[in-house]
Amino acid sequence: MTFKHTVTATACAAAVLATSGAALAATTASTTAPAPNHSAGRGTIVSTTRLPQLSAGEIKSYLKESGFDASQVRYGVDAYRIVYRT
(Lines give C-alpha, C1' and ligand atoms only; values in the text may rest on other atoms or scores of the structure.)
Protein backbone atom coordinates (compact mmCIF):
# COMPACT_ATOMS: atom_id res chain seq x y z
CA MET A 1 0.00 0.00 0.00
CA THR A 2 1.40 3.35 -1.02
CA PHE A 3 1.45 6.43 1.17
CA LYS A 4 -1.34 7.94 -0.94
CA HIS A 5 -3.52 4.86 -0.38
CA THR A 6 -2.79 4.93 3.34
CA VAL A 7 -3.81 8.58 3.57
CA THR A 8 -6.91 7.91 1.47
CA ALA A 9 -7.89 4.93 3.63
CA THR A 10 -7.38 6.96 6.80
CA ALA A 11 -9.46 9.83 5.40
CA CYS A 12 -12.14 7.36 4.39
CA ALA A 13 -12.29 5.88 7.88
CA ALA A 14 -12.47 9.37 9.38
CA ALA A 15 -15.30 10.28 7.02
CA VAL A 16 -17.23 7.19 8.07
CA LEU A 17 -16.81 8.13 11.69
CA ALA A 18 -17.87 11.69 11.06
CA THR A 19 -20.93 10.83 8.98
CA SER A 20 -22.15 7.85 10.94
CA GLY A 21 -21.28 9.19 14.38
CA ALA A 22 -24.75 10.53 15.07
CA ALA A 23 -26.43 7.25 14.16
CA LEU A 24 -23.94 5.22 16.14
CA ALA A 25 -24.09 7.58 19.09
CA ALA A 26 -27.82 7.01 19.27
CA THR A 27 -27.23 3.30 19.86
CA THR A 28 -24.22 3.66 22.13
CA ALA A 29 -24.02 5.38 25.47
CA SER A 30 -22.07 8.57 25.11
CA THR A 31 -21.09 11.17 27.60
CA THR A 32 -21.23 14.87 26.91
CA ALA A 33 -19.25 17.04 29.24
CA PRO A 34 -19.56 20.78 28.92
CA ALA A 35 -16.20 22.46 28.91
CA PRO A 36 -15.41 25.11 31.49
CA ASN A 37 -16.44 28.53 30.20
CA HIS A 38 -13.23 30.45 30.85
CA SER A 39 -13.92 32.64 27.88
CA ALA A 40 -16.78 32.73 25.42
CA GLY A 41 -14.40 33.66 22.63
CA ARG A 42 -13.40 31.98 19.44
CA GLY A 43 -11.98 28.49 19.83
CA THR A 44 -13.78 27.82 23.10
CA ILE A 45 -14.76 24.17 23.48
CA VAL A 46 -18.53 23.85 23.86
CA SER A 47 -18.76 20.10 24.44
CA THR A 48 -17.04 16.78 23.87
CA THR A 49 -18.77 13.47 23.16
CA ARG A 50 -17.14 10.09 23.00
CA LEU A 51 -18.38 8.19 19.96
CA PRO A 52 -18.36 4.41 19.59
CA GLN A 53 -15.12 2.54 19.34
CA LEU A 54 -14.45 0.63 16.13
CA SER A 55 -12.31 -2.48 16.27
CA ALA A 56 -9.62 -3.22 13.71
CA GLY A 57 -11.94 -5.87 12.27
CA GLU A 58 -14.77 -3.37 11.81
CA ILE A 59 -12.44 -0.93 10.07
CA LYS A 60 -11.08 -3.70 7.83
CA SER A 61 -14.61 -4.72 6.85
CA TYR A 62 -15.60 -1.17 5.97
CA LEU A 63 -12.45 -0.51 3.95
CA LYS A 64 -12.80 -3.80 2.05
CA GLU A 65 -16.45 -3.02 1.25
CA SER A 66 -15.33 0.39 -0.02
CA GLY A 67 -12.72 -1.12 -2.35
CA PHE A 68 -9.61 -0.34 -0.30
CA ASP A 69 -6.79 -2.67 0.65
CA ALA A 70 -7.25 -3.22 4.37
CA SER A 71 -4.25 -5.49 4.89
CA GLN A 72 -2.33 -2.80 6.80
CA VAL A 73 -5.03 -2.14 9.42
CA ARG A 74 -3.68 -3.10 12.84
CA TYR A 75 -5.60 -1.05 15.37
CA GLY A 76 -9.10 0.10 16.14
CA VAL A 77 -10.29 3.68 16.45
CA ASP A 78 -11.57 5.69 19.41
CA ALA A 79 -13.60 8.59 18.04
CA TYR A 80 -14.69 11.81 19.72
CA ARG A 81 -16.90 14.67 18.61
CA ILE A 82 -15.63 18.08 19.71
CA VAL A 83 -17.86 21.13 19.33
CA TYR A 84 -16.13 24.49 19.55
CA ARG A 85 -16.85 28.12 18.78
CA THR A 86 -15.53 29.56 15.54
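Look a little higher up for the structure.
Residues numbered from 1 in each chain as written. Predicted model: local features only at pLDDT ≥ 70, side-chain atom pairs only at ≥ 80, totals over all residues. Heavy atoms only, no water.

1. A short note on the overall build of the protein
Across its full length, the protein carries two helices and three strands. Start at the N end of the protein and walk to the C end: the helices and strands fall as α-β-β-α-β. Sorting the 86 residues of the protein into buried and exposed places 23% on the buried side. Carbon and sulfur atoms make up 58% of the accessible area of the protein, which amounts to about 6100 Å² in all. (Helix = DSSP H or I, 4+ residues; strand = E, 2+ residues; numbered from the N terminus. Buried < 20%, exposed > 50% of the residue type's maximum accessible area, 1.4 Å probe, protein only. Areas by Shrake-Rupley, 256 points an atom, 1.4 Å probe, with all protein chains shown as cover.)

2. Brief notes about the pattern of salt bridges
Counting across every chain of the model gives one salt bridge. Asp78 is the salt-bridge partner of Arg50, the closest N and O atoms lying 3.7 Å from each other. Of this pair, Arg50 sits in strand S2 (residues 45-54) while Asp78 sits in strand S3 (residues 77-84), and the two are 28 residues apart along the sequence. Note on Arg50: relative accessible area 33%, which makes it partly exposed. (Salt bridge = Lys/Arg side-chain N within 4 Å of Asp/Glu carboxyl O.)

3. Comments concerning the environment of Tyr75
Within the secondary structure layout, Tyr75 lies in the loop between helix H2 (56-65) and S3. For Tyr75, a relative accessible area of 66% translates into the label exposed. Separated by 19 residues in the primary sequence, Tyr75 and Ala56 have C-alpha atoms spaced 4.9 Å apart. Not counting the four nearest positions on each side in its chain, Tyr75 is found in contact with Ala56 and Ile59. (Contact = heavy atoms within 4.5 Å.)

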